[in-house]
Amino acid sequence: MIWFQKRLRLPAVRRGFHLITDLLTAELPELEGIEVGTAHFFIQHTSASLSINENADPTVRQDFESFFSRIAPENAPYFRHTQEGPDDMPAHLKAALLGTTVSVPITDGRLALGTWQGIYLGEHRNDGGRRWVVATLMGTVTK
């Protein structure tokens, strides 16, 4: 059984939902050596999120952004936490709803995502900047 952990820096992206599966796996060649295990990803921010969903049709990501912008709108008169801009409190709410972690099984050196699944970065700020993700891999080593 091995454990491996690495802090990964994601590029800055515009507000919205972005597939980052390939970015994460490109930074984790250690995956290839794990026969059976788990990859755990944790984003170290309160205004961005991680989730797993549709990886083929980009309109799904656009619909995610539209939906979450409706349930956590900017400039809502009831928000008191506004010092960091009108997108800050909605970003915190979106991150709380979607979460900061995803765990994915590892099978034969690869993430065992379904055919139509990908890992999303939910960037909930208009100018969130580069984000940090901690990846923790655990599992049995291939022979």
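Every chain is numbered independently, its residues counted from 1 as its sequence is written. Under the rules for a predicted model, residues below a pLDDT of 70 receive no local features and side-chain atom pairs below 80 are neither given nor counted, while totals for whole chains, interfaces and linings still include all residues. No hydrogens and no water enter the side-chain calculation; it runs on all heavy atoms of the structure.

Trainee: Before we go on, may I ask you to explain helix α3 (residues 88-98) in this structure?
Mentor: Residues that lie three or four places apart on an α-helix share one face, since the helix turns once every 3.6 residues. Think of it in three bands: residues with accessible area under 20% of the maximum for their type are buried, residues over 50% are exposed, and the middle band is partly exposed, with areas taken using a 1.4 Å probe on protein chains only. Helical segments are the DSSP runs of H or I of at least four residues, strand segments are the runs of E of at least two, and each set is numbered from the N terminus. Restricting attention to buried positions, one finds in α3 the residues Asp88, Pro90, Ala91, Lys94 and Ala95. Projected down its long axis, α3 carries its buried residues within an arc of 160 degrees, all on one side. Away from its buried face, by an angle of more than 90 degrees, α3 presents the exposed residues Ala96 and Leu97. Buried residues along α3 sit against β4 (48-54) and α2 (58-71). Just downstream of α3, Gly99 is the residue with a positive phi angle, here 100 degrees. This arc corresponds to the set of directions leading from the helix axis out to the C-beta atoms. Residues are treated as being in contact if the distance between any of their heavy atoms lies within 4.5 Å.

Trainee: Can you help me understand the packing of aromatic side chains in this one?
Mentor: Each aromatic ring pair is characterised by the separation of its centres together with the angle its planes make. Each aromatic pair joins two rings of Phe, Tyr and Trp (for Trp, the six-membered one) with centres within 6.5 Å, and gets the label stacked for planes under 30 degrees apart, edge-to-face for over 60, and tilted for any other angle. Counting across every chain of the model gives seven aromatic pairs. Measuring from centroid to centroid gives 5.2 Å for Phe17 and Phe64, while their planes differ by 70 degrees, and the two rings are edge-to-face. Pair noted here: Phe17 is in strand β2 (residues 16-19) and Phe64 is in helix α2, with a separation of 47 residues, a long-range link. There is no split in this pair, since Phe17 and Phe64 are both buried. Ring geometry for Phe17 and Phe68: centres 6.0 Å apart, planes at 40 degrees, overall tilted. Linking Phe17 in strand β2 with Phe68 in helix α2, this pair joins segments that are 51 residues apart in sequence. Assessed through its relative accessible area of 5%, Phe17 is described here as buried.

Trainee: Would you explain the sheet that holds strand β5 (residues 101-107) in this entry?
Mentor: Taking strand neighbours across the sheet as the criterion, the five strands line up as β1-β8-β3-β5-β6 in an open arrangement whose pairing is antiparallel. Of all strands in the sheet, those with a lone pairing partner are β1 (2-10) and β6 (110-111), marking the two edges. Should DSSP find at least two bridges between two strands, the strands are regarded as paired. Across seven bridges, strand β3 (residues 34-43) lies against β5 in antiparallel orientation. For Thr38, the partnering residue across the bridge sits in β5 and is Pro105.

Trainee: Teacher, can you tell me more about unusual backbone geometry here?
Mentor: Phi is mostly negative for residues that are not glycine, and the peptide bonds are mostly trans. Here Asn75, not a glycine, exhibits a phi torsion of approximately 60 degrees, which is positive. Within the secondary structure, Asn75 sits in the loop between α2 and α3. Positive phi, normally seen in glycine, also occurs at Asp108, with a value near 50 degrees. By relative accessible area, which is 59% here, Asp108 ends up exposed.

Trainee: What am I meant to see in the side chain of Glu65 here?
Mentor: Topologically, Glu65 is positioned in helix α2. Judged by relative accessible area, Glu65 falls into the buried class, the value being 14%. A polar atom in the side chain of Glu65 sits 2.9 Å from the side chain of Ser69. In this structure Glu65 touches Arg15, Gly16, Phe17 and Lys94, once residues within four positions along its chain are discounted. The term polar contact refers here to a pair of N or O atoms within 3.5 Å; inside protein, the definition further demands a hydrogen-donor-capable atom paired with an acceptor-capable atom, and it admits residues adjacent in sequence only when both atoms are side-chain atoms.

Trainee: I keep staring at the packing of α2 against α3 and nothing clicks. Help me out?
Mentor: Packed helices, taken two at a time, are described by the angle between their axes plus the distance between the axes. Orientation is described by lines fitted to C-alpha atoms, with helices fitted over the stretch in contact, and by angles between N-to-C directions that extend from 0 to 180 degrees. Packing of α2 against α3 brings their axes to within 10 Å, and their N-to-C directions diverge by 115 degrees. In the packing of α2 onto α3, the handedness of the crossing is right-handed. Of α3, the residues touching α2 (which contributes Glu65, Phe68, Ser69 and Ile71) are Lys94, Leu97 and Leu98. Classification used: nonpolar for Ala, Val, Leu, Ile, Met, Phe, Trp, Tyr, Cys and Pro, charged for Asp, Glu, Lys and Arg, polar for all others including Gly. Partitioning the contact of α2 with α3 into residue classes produces four nonpolar, one polar and two charged. In this scheme the handedness of a crossing depends on how the near helix is turned from the far one: anticlockwise by less than a right angle means left-handed, clockwise means right-handed.

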